[in-house]
Every structure is written in structure tokens, then in C-alpha cells.
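Residue-level structure breakdown
Spelled out, the chains give:
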Amino acid sequence: MLEIKNLHAKIDDKEILRGINLKVNAGEVHAIMGPNGSGKSTLSKILAGHPAYEKTEGEVLYQINGKYKSIDELEPSQRAKEGIFLGFQYPVEIPGVSNISFLMTAFNELCEAQGVETMKEEEFRKYLKPKLMSLDMNESFLERSVNEGFSGGEKKKNEILQMMVLNPRLSLLDETDSGLDVDALRIVAQGVNTLKSKRNATILVTHYQRLLNYIQPDFVHILYQGKIVKSGDKNLALEVEEKGYDWITKQ
Amino acid sequence: MKAEEKLAQEYKYGFVTDVETEEFPKGLNEDIIRLLSQKKNEPEWLLEFRLKSYRKWLTMTHPTWQYCQIPPIDFQDLYYYAKPKAKKTAGSLDEIDPELLETFEKLGIPLGEQKRISGIAVDAVFDSVSLGTTHQADLEKVGVIFCSISEAVEKYPELVKKYLGTVVPASDNYYAALNSAVFSDGSFCYIPKGVTCPLDLSTYFRINAKETGQFERTLIVADEGSFVRYLEGCTAPQRDENQLHAAIVEIVALKDAEVKYSTVQNWYAGDKEGKGGIFNFVTKRGICKGDNAKISWTQVEAGSAITWKYPSVILKGNNSQGAFYSVALTNHKMQADTGTKMIHIGKNTRSTIISKGISAEESQNVYRGLVQVMASADNARNYTQCDSMLIGDKCRANTFPTIDVKNNTAVVEHEASTSKISADQLFYLESRGMDKEKAVSLIVNGFCKEVFKTLPLEFSVEAVKLIEMKLENSVG
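Residues numbered from 1 in each chain as written. Chains lettered and ligands numbered in written order. Predicted model: local features only at pLDDT ≥ 70, side-chain atom pairs only at ≥ 80, totals over all residues. Heavy atoms only, no water.

Residue and element names in this part refer to chain A. Where helix 5 (residues 152-166) contacts helix 6 (residues 182-195), the two axes come as close as 10 Å, and the packing angle between them is 10°. Considering their axes alone, helix 5 and helix 6 lie roughly parallel with respect to each other. On the side of helix 5, the interface is formed by Lys157, Ile160, Met163 and Met164, while helix 6 contributes Ala184, Ile187, Val188, Gly191, Val192, Thr194 and Leu195. (Axes fitted to C-alpha atoms, helices over the stretch in contact; angles between N-to-C directions. Helix = DSSP H or I, 4+ residues; strand = E, 2+ residues; numbered from the N terminus. Parallel < 35°, antiparallel > 145°, perpendicular 65-115°, else oblique. Contact = heavy atoms within 4.5 Å.)

So this is what it looks like as C-alpha cells:
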């Protein structure tokens, strides 16, 4: 589904990614771990098309209609319509825009792109209801302005709600576990697990191992100074938990 | 879509109706005013009112305090009266030129019997004259008078004489004096005691003729305990010359009466380089004359090359309430200097001001407001919230609030903010599949929500669409 070859990227003339290679197939869950400043967030942002980050070398290929294509030329909105979803580490507040109109606009844009019939508000609310319940979110969330005055946990749940609504093929979850208490973490993880299928893939970007107790990754990659320095299965994450990142970075 | 089509779409009301017009010679003098008054069969007192106003105007100079650049206007190079030549005009809508009916239909205001918008009575004003008013019979049943001001002068001279110029005197300002001298048409409505007007009343203004000033005059009188909602819409053809629109709207709300006035202003704003467009210099003012009266102004200002207006409320009656809700959007090289005045005279009077200014491209947007609490206004309250949003880095937003309090029991609050649409907000929405324009329009609509929700539903839908259309291509 996704193939990253020798990816280099910079922001404000500062090189952050220095040759990333990664292949993700449908049905897989990858965890990307690493110490602060290793480039984890940059990787997810560049995949989603953040305009501040610039690719300087390498290739990002993504499967569209069965064929691998470079996504360099695609606007962030086009990437979203092709099924790439970024769950933000710091979800952004949009004052005055109700969550329901935000979700519905995003959903209907996607429907239009796929040539599926759009939904009216009443129908859309019905579609949302079970999703809200599964995330233990009150319906009053829908009337509040997007992320405005939300607690850290509420913001992250809202990201997962958006993911459920848009049902992406490739989910990039950037530090989704940060700022969550144990209960919220369990609920968020459940949400991610429910969406898991043979047709989609997930990349979890995380600093800590604890999210991986709830979402089983197929692969774990350690990112350090803009490169993947070690890959393995979920035991690698446990080892990091035990020994810290020093153990790898000193190698 | 071809580039030309795209351009044409930018202002879809830019077409010109090809009708023969009857015009007075260009220029302004006492003879023109006499001719105008004679043409309209006006009583002597009205001619006197006009001449007095004209003489006042001659002694005044063009204002300079506003924060916009107004090119010098040659008042002798304008037509002061333009009327579509037709077999018959006033009163009966059945006999208007089909060309004109078609014009209004294209503007989304069908006037023909079968197609009329239900629930709204419309007075259609084309250049200098009113073409007629829909649903008049329904209104007559409850005693509501809604007609052109010319017709009102003929049929209800006492009412017009009693209130005309009492809220905005001719001497108020340069353009008020000019309007008082040469106003050609506009709407008049009177809601009798205790009547809740069964329909929304609406005036639709259309400037068509070239080099013509539109000077309309609206007078709304809500008698004791009555209620009315009034809507105003406006468009003009796309022309390279500037056109002048200098209107006056006066509202009188007596004891326990309530008037809600909404405007969606979409005059032609000129092209990208700032060529052409309407100069919109308008004086709008209401007076809460009796106790417990209420007046609210809601405006969505999205057009005109230059907008210069301050819909205001004089809170004379005790416990009376005034409100001003405004969205002003400027793009290209548009200039807007708008705001309100709330004058507290009565006891326990309340006023609310919510102003949202959005500037894009090289435009400039000013909020100017005055909250005045007189010594007599015990326990007066005002709340002002004044927010500006900038799109891009070449536009400007300014806020000039003035607060003048002469009574120490008053509570006056003022909140202001200036924001830019952040790159993070845009990226967040874009990463949810919305293109940049959609994302901006969602953010802007959120910003304006408090104002839009005070509009009647159809108007609010129109306002949202209008803002979306205006912001197209404004986002780089």
C-alpha cells in the first residue's frame, strides 16, 4: 500500500529525515517509535502533505487504484480523498464551527469524490450515533466548536471519531496516546482495532510502549536521527520499554 | 470552465437590463429638484423639504474623517433620476415591462402572481422607481401599509410628513442632506398598533442605469406593540464607472414595538484592480421612541467598492433595546468603513454590538463604533464584541471604538480580537479532504456564526453562499 524509499525531508532548511525506507502492506499495523526529535512527527506530516515540510530526496509511493504512484503532487485534501488519514498529535481548534458540520462536510466531500450519495444531517447523525457510543462520547460533542475547550482526552477521541467517519485506507496516528488516561487509552485503542481490516493499514507513531499493549503491531521500527535504525516485531517495543532508547542509539 | 466564464461567475448579478430609460439631464440644481418633485406630483411641503435640504447640502463639505480613499465625485456629472420607460408603472405589477419582470426573476426575486415567494412581501425598486409591491392585499387585511414611498406620499401624506426626517435630519451629514434633496423612491411601511406583521417585508434594490445615483429612502414606522421583520437586498450591473448609492433608512419604533432589519448587500464591488463598483454611502438609523421598544440591525456587507455606513439606534424609551450584528467582507481592493452608534438616553436601556470583519487580498476593513450613555440613562448596559479576520498579508483591518459615558451606573463592555486563519487550521481541514477554498469558507462561516444566526433562514443560507462565492480565488 505504501512504499517509502530513501526519504529525505527538511523544514526551514533543517534536515529532519535522512533516508527513510519503509514498506507497509494492507492489513498491517506498524509502530514507529523513537526518542524526541527523531523525526516521527515529521514523517507522518510529510505523508499527509503538510506544506511546511519539504521532501528533498527519495520517493513516497502510494497505491491508488491498484497502482503505486508518487503522491508528491497531491494536495493534502486529495491525499485525504485517496484514503490517507492523519490523526493529529495536537488537534487544531476551529472556533464557531460545530463538530457536526465539520464532520459532515468532511464526510460528504469524501462521498462526492467517490461518487457516492452524500448524507443529509438527520441521516448523518444516525450514522454517527454508534460511533460516538463506542468512543464513550456524549452527543453534545457534536454541537461544540471543533476541539475548542476540549480536554486532551476529548481531542484525541475526536480524532478517532473522524477516522471512524472517514474510514481511511492508511491511518497515520501521531502520538495518539499522549495525554490520555488509562480508560481513554483503552477506548481509543478499541476504536483503532475495530477499524482494522485486510484492506487498510495503520502506522502508529508513539513515544511509549503502552499503546502497544492495546494495539498489537505487526512491525516495530525505531527511528533515530531521521533514519530507521532497527526494525522488529512487538518484542522490540518491549525491549525499548525495558532498556530505553540509549540501548539502540549507542549501537 | 473557461476563464471568461469563471470571471463572469464572480459576480453573477453583473448583467445589464436593456430597457429604455427616461432620465433628467445630468447635474443638480434647484430646477432639477423642482422637476423631480413635479414629476412625482408631490405636495408643496415635500418640495420645501427637498429645497431646504439642498440648500443645506450646498453649505456642507465632503467628509474626510472616514478611513477610506474616496475619489472626488463630480455631482454635476450624475443623473439624479432614471426611470424605465414603460406603458404604466406605479402600483400594478401586472403591467410592468416583461423585461423588468425577467430581470428580477434572474435575481431570484420573482414578482409574477404565481411565482411569488410565499411569506415575504417584496417591493422591487429599479433605478429611481418602485415597480410595485407583492402581497399587498394580504397586508391590507391587517392594516399594514407597505408601498413605495412615492405612493405613500400620495396616499398617506400625514403619516409620511409626521415621521420623515425625524430620525435622520437632512443636516445630519453630507449624504443625508443630498439624499433628502433628491431621493427618488424607496419603501414605506407602517405597522398599526398591536399588529404582528404576518409576512416579512422586503425591498430589493437594483441599480441598472449608467452614471445614475440611486438615492432611495426607506421609512419604517412600527406603532405601539407591533412587530415586523424587514429584509433588504441589493445588486447592480458590472460597470467600469463607479455608481453612487446614497440611501437613508429611518426606523421609528413606538412603545413596546419591535423591528428587525436585515440587509444582505451585494452591490457590484469593482474588478480585481478596483475599477468600477458602487459607492455605498448610507445613513441608517432607528429610534426606540417608546418604552420597551426594540430595534435590531443585521447586515451582511459583501459588495460595493466603498461602503460607508453605521446603522444606529437611539434608545430613548426606558427599557428599550438596540442591537447591531454585522459581517463585513472585503476582497480585491474594496474598502469598508462600517459600524454602529448606540445612543442611550432612557433608563435601563440595553445594546449589543457584534461585528465581524473579514478582509482578504488588498482590501481594507474598518469597524467604527460609538457607544454613548447620556446622563439620563441610569443602568444602561452595552456589550460590544468586535472581531477581525485577515486572509493573506496585504489586507488591513482597523477598529475605532468610541465610548462616551456620562452616567456612572452604566456598564459598558468592549471585547475585540484580530485573527488570521492559521496554516495549522487550514492543514487540519485540508487533511480531512476539504480543498483550501472549502476550508477557508468553513472557518469564515464559523467566525460569522453569531451574526448569521440572527438572519432569517433563507437569508442566512444566501449569506453563507455569498461569502463562499466572494472568497473563491481569494485564497492563495
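Alright, that's what it looks like, and here's the rest.
A few words on the sheet that holds strand 10 (residues 201-206) of chain A. All names here are of chain A. In spatial order, the strands read 6-9-10-3-11-12; together these six strands make up an open sheet with mixed pairing. Only two strands of the sheet have a single neighbouring strand rather than two, namely strand 6 (84-87) and strand 12 (227-232). If you compare each strand with its neighbour and ignore which way they point, the axes differ by 20° on average. Where strand 3 (residues 29-33) and strand 10 come together, five bridges link them in parallel fashion. Paired with Val29 across the strands is Thr202, a residue of strand 10. (Pairing = 2+ DSSP bridges.)

So, on to the sheet that holds strand 1 (residues 2-11) of chain A. Residue and element names in this part refer to chain A. If you walk across this open sheet you meet the four strands as 2-1-4-5, and the pairing is antiparallel. Because the sheet does not close on itself, it has two edges, and the strands there are strand 2 (14-24) and strand 5 (67-70). Put simply, the sheet's adjacent strands are angled 15° from each other on average, direction ignored. Relative to strand 5, strand 4 (residues 53-64) runs antiparallel, the two being bridged by four bridges. Bridge assignment links Leu61 to a residue of strand 5, and that residue is Ser70.

Turning to the interface of chain B and chain A, a few remarks are in order. If you look at the interface, chain B gives 17 residues, while chain A gives 32 residues. Contact between chain B and chain A buries roughly 2,000 Å² in total, counting both sides, with carbon and sulfur atoms accounting for 66%. One can count one salt bridge joining chain B with chain A. B:Arg432 is paired through a salt bridge with A:Glu159; the nearest N and O atoms lie 2.8 Å apart. The tally of links from chain B across to chain A stands at ten residue pairs in polar contact (both at pLDDT 80 or more). Listed by contribution, the elements that provide at least two residues to the side of chain B that touches chain A are helix 9 (423-430) and helix 10 (436-452) of chain B. In terms of residue class, the side of chain B that touches chain A is made up of seven nonpolar, four polar and six charged. (Buried area = accessible area lost by both parts, 1.4 Å probe. Salt bridge = Lys/Arg side-chain N within 4 Å of Asp/Glu carboxyl O. Polar contact = N/O pair within 3.5 Å; in protein donor to acceptor, adjacent residues only side chain to side chain. Nonpolar A, V, L, I, M, F, W, Y, C, P; charged D, E, K, R; others polar.)

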